[in-house]
Amino acid sequence: MRSSFEAAFPNITRWVKESGTVEIGHDPHTDSFIRAIDEGGMPWSGKSRYETVDDAFQDLENGISATIGTRKRSAKRRVSSKPSRTTKTPDQRKRKPPEDLLPRQVRKLDKIVEAIRHNENVDVTRLTVVKKLCENPDAAGAFALFLARKSQERLREKKGKERYRQLASRAIREMKPYLDDPTEERKWQLLSRLKELVDEQNEHEWIKWGAVRKIKSWDLLTVERTLRAVLRRDEAPYWLYQAARDHVGSSMNLTKESIPRIEEIARFWRRYFKIKA
């Protein structure tokens, strides 16, 4: 009798239920075929190639086991006795700084910038913090429009290919009305714009582990991914994480050149939650 996936891979099962997500398939940014991801980034990544998919899952199972074990030991070391806190009065609670009301994912963006400035090795997968922020459909739509408009600005500043600027402008012009009133007609119009964006950069190159899409304009790709997020709301966190990576412009590690764009993302979320408060 064939055993179930949960019985064969208990650590992977626990990970996706309690801690984060798993990505499978070669990623040129990380040169790995399989990865474990959480809000803090990518605590484990596998090799670039495996003989079989079963081998990849077994490697992931062992990697997650080691990761979970390390976290348990670290948590134990962090346990310490703390002095008891006095109860705050109502007046003191009212004076709580607005920063404390922000989701912790926004504050994590600030910590990413701090880590880069301290010359730490910062993996690009730490941008997965935006996934949690984009679970709300309204927030995801607002962030998608923000990233798309930023890409449009850069296409204008670079004075790049006129065709790219036209494609981006058409897509963004139809995105806002759809977000306000997602009718079936507007959906089909946006799908047409998405097809145009995909067709514009649809060349592939074969390398040893498969076909890789050749990207000539990362700004245009960002607009494409924001459109996917708007049209597929259940997949929005994934596509907007990918779009954020393209916006920041880094492959595997975040550098000091990434800081201004990470700060742009953090400012967007601060403004968003200030308006919603």
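All figures in this text were calculated on a predicted structure; none of them were measured in a lab.

Calculation rules
Throughout this document, residue positions are counted from 1 along each chain, in the order its sequence is written. Given that the model is predicted, a residue must reach a pLDDT of at least 70 before its local features are reported, and side-chain atom pairs must reach 80 or more before they are shown or counted; all residues, however, enter totals for whole chains, interfaces and linings. Remark: hydrogens and water are excluded; side-chain values derive from all non-hydrogen atoms of the structure. Helix and strand definitions here come from DSSP, where helices need a minimum of 4 consecutive H or I residues and strands a minimum of 2 consecutive E residues; each element is numbered from the N-terminal end. The span expected for a helix works out to 1.5 Å for each residue beyond the first. Exposure classes here rest on a 1.4 Å probe applied to the protein chains alone. A residue is buried below 20% of its type maximum, exposed above 50%, and partly exposed in between. Contacts are assigned to residue pairs that have any heavy atoms within 4.5 Å of one another. Working definition: a ring pair exists when centres of Phe, Tyr or Trp rings (six-membered ring for Trp) sit within 6.5 Å. Plane angles under 30 degrees give stacked, over 60 give edge-to-face, the rest tilted. The salt bridge criterion pairs a side-chain nitrogen of Lys or Arg with a carboxyl oxygen of Asp or Glu, the two atoms within 4 Å. Joining through side-chain atoms within 4.5 Å is the link that ties buried Ala, Val, Leu, Ile, Met, Phe, Trp, Tyr and Cys residues into a set, and such a set is a nonpolar core. Two N or O atoms form a polar contact when they lie within 3.5 Å of each other; inside protein one atom must be a possible hydrogen donor and the other a possible acceptor, and for residues adjacent in sequence the pair counts only when both atoms belong to side chains. One confidence number per residue, pLDDT, is output by the predictor and ranges from 0 to 100.

Trainee: So what's going on with helix 8 (residues 162–180)? Residues and values would help.
Mentor: The terminal C-alpha atoms of helix 8 lie 28 Å apart, and with 19 residues this matches the ideal 27 Å at 1.5 Å per residue to within 8%. Buried residues of helix 8: Tyr164, Leu167, Ala168, Ser169, Ala171, Ile172, Met175, Tyr178 and Leu179, and no others. Against helix 7 (137–158), helix 9 (184–200) and helix 10 (218–231) lie the buried residues of helix 8.

Trainee: Outline the packing of aromatic side chains, listing residues and values.
Mentor: Applying the stated criterion across every chain, the model contains 14 aromatic pairs. Residues Phe146 and Phe268 carry aromatic rings whose centres are separated by 4.8 Å and whose planes lie at 25° to one another, so their mutual orientation is stacked. Placement of the pair is Phe146 in helix 7 and Phe268 in helix 12 (residues 259–276), with a sequence separation of 122 residues. Here Phe146 falls in the buried class, since its relative accessible area comes to 12%. The class of Phe268 is buried, set by a relative accessible area of 9%.

Trainee: Tell me about the pattern of salt bridges, and name the residues and values.
Mentor: Inspection of every chain in the model, using the stated rule, returns 23 salt bridges. The partner of Arg117 in a salt bridge is Glu263, and the shortest N-O contact between them spans 3.0 Å. Separated by 146 residues along the polypeptide, Arg117 in helix 5 (residues 104–117) and Glu263 in helix 12 bring together distant segments of the chain. Overlapping salt bridges, with partners in common, bring together Arg170, Glu174, Arg193 and Glu196 in one network.

Trainee: Go over the nonpolar core, please, and point to the residues and values.
Mentor: The tendency in soluble globular proteins is for nonpolar side chains to be buried side by side. Counting 56 residues, the largest nonpolar core has Leu109, Phe143, Leu240, Leu254 and Trp269 as the members making the most contacts within it. Mapped onto this core, the elements with two or more residues apiece are helix 5, helix 6 (129–133), helix 7, helix 8, helix 9, helix 10, helix 11 (236–248) and helix 12. Here this core gets nine residues from one element, more than from any other, and that element is helix 7. Once residues lying within four places of it in the same chain are set aside, the contact partners of Leu109 are Leu127, Val129, Ile262, Ile265, Ala266 and Trp269.

Trainee: So, unusual backbone geometry: which residues are in play, and what are the values?
Mentor: Positive phi outside glycine occurs at Asn119, with the angle close to 60°. Within the secondary structure, Asn119 is located in the loop between helix 5 and strand 4 (122–123).

Trainee: Run through helix 7, naming residues and quoting values.
Mentor: Its 22 residues give helix 7 an end-to-end C-alpha distance of 32 Å, which sits within 8% of 32 Å, the value for a rise of 1.5 Å per residue. Its side-chain oxygen placed 2.9 Å from the backbone nitrogen of Asp138, Asn136 serves as the N-cap of helix 7.

Trainee: Can you lay out the confidence of the model for the protein for me, pointing to particular residues and giving the numbers?
Mentor: In low-pLDDT regions, the fine details of the predicted coordinates are not to be read closely. Taken as a whole, the protein shows an average pLDDT of 81; of its residues, 80% reach a score of 70 or greater. In this model, residues 72–98 is a region of pLDDT below 50 whose contacts with residues beyond four sequence positions or in other chains number four contacts.

Trainee: Go over the environment of Val16, please, and point to the residues and values.
Mentor: Following the sequence through the fold, Val16 ends up in helix 2 (residues 10–19). As a C-alpha pair, Val16 and Ile37 span 21 residues in sequence and 9.3 Å in three-dimensional space.

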